[in-house]
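# Structural description and commentary
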Amino acid sequence: MEKCVERSCPLSGLRMVLLFLHYFLGYQFIYPMLLESFTLWLNPSARSVPEWLQFLFYCFMMAVAAWLAMPLLKESTERLKSFGWKLFKLCLLLFAAYYVCSLAVNIIVLLLSETETSANQTEIIEAINVSPYLTMFSTLIYAPIVEELVFRGIFYRALRPHFHWLLSALISAFLFGFIHVMFSLLTGNFNDLIYLLSYGLIGFFLALAYEKSGTIFGSMLLHFFNNAFAFLIVVL
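Below is a short write-up of the structure. From a predicted model like this one, the values you see are computed outputs, not experimental measurements.

### What about the nonpolar core?
Core analysis: the biggest nonpolar cluster contains 64 residues, and Tyr23 and Leu149 have the highest contact counts within it. Apart from residues no more than four positions distant in its own chain, Tyr23 is found in contact with Gln28, Met61, Tyr142, Val146, Glu147, Val150, Phe151 and Ile179.

### What about the packing of aromatic side chains?
Per the stated rule, a full pass over the model turns up 28 aromatic pairs. With centroids separated by 4.9 Å and ring planes inclined at 50 degrees, the aromatic side chains of Tyr58 and Tyr142 adopt a geometry described as tilted. Placement of the pair is Tyr58 in helix α2 (residues 51-68) and Tyr142 in helix α6 (residues 132-159), with a sequence separation of 84 residues. Neither Tyr58 nor Tyr142 differs from the other in exposure class; each is buried. Summarising the aromatic geometry, the rings of Tyr98 and Phe205 are spaced 5.8 Å apart at their centres and angled 65 degrees between planes, so their arrangement reads as edge-to-face. Taken as a pair, Tyr98 in helix α4 (residues 86-112) and Phe205 in helix α8 (residues 196-213) lie far apart in primary sequence, 107 residues in all. Note on Phe205: relative accessible area 7%, which makes it buried. Ring pairs connect the aromatic residues Phe20, Tyr23, Phe24, Tyr27, Tyr31, Phe57, Tyr58, Phe60, Tyr142, Phe151, Phe155 and Phe176, which therefore count as one cluster. Between the NZ or CZ atom of Lys86 and the centre of the ring of Phe83, over which it lies, the distance is 5.5 Å. The lysine or arginine in question, Arg152, covers the ring of Phe176, its NZ or CZ lying 4.8 Å from the ring centre.

Calculation rules
Residues numbered from 1 in each chain as written. Predicted model: local features only at pLDDT ≥ 70, side-chain atom pairs only at ≥ 80, totals over all residues. Heavy atoms only, no water. Core = buried A, V, L, I, M, F, W, Y, C linked by side-chain atoms within 4.5 Å. Buried < 20%, exposed > 50% of the residue type's maximum accessible area, 1.4 Å probe, protein only. Contact = heavy atoms within 4.5 Å. Phe/Tyr/Trp six-rings, centres within 6.5 Å; stacked < 30°, edge-to-face > 60°. Helix = DSSP H or I, 4+ residues; strand = E, 2+ residues; numbered from the N terminus. Lys NZ or Arg CZ within 6 Å of the ring centre and 35° of its normal.

Below is the structure:
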């Protein structure tokens, strides 16, 4: 049976562009400014966006992303019916393989980096201390859904019918890694560039999960496993 990833992407060009803009321009730049402005309108003396508003923001991001990616989600749902519980086993095996590979990559990163962890990871740890439940929601629910729809649903899926799966996976993995160090680079913190290896590695395995399962829910589940494991390490 032909895998879903080998067919043309079910998302129209317009849907892909809007989903791309929703995440890259919206989430990364425009929406945060709107949230800050709305917060100050509600409370001129506020110093941060309230948690309830941030929660609504994440829900808004997921709802819009899911609506724009609906044809892809419908296709993946059909594939999921035939794959069944084997998806859970596949993602566990891929997570185990990723973890072994990450040990070697992390040793290289630690040897070459001047910091013990990336700026992105440091921000997450600080967020857990300040807003543990909101951070848990954004890490375990929001990120696996929205980031997979963008990086595997758009980039990997659009590339896959035209290129070998390995090249498609490497490109989407690079983009996934870059977005996690982008703000560090924009502020002149080029030490974080080495963490492209760490984030790119999990991005590669997420693309592999999509390739092997033929459903975006495979990469979402593996993404959840990885984030849940990392979250438990921090809180425990």
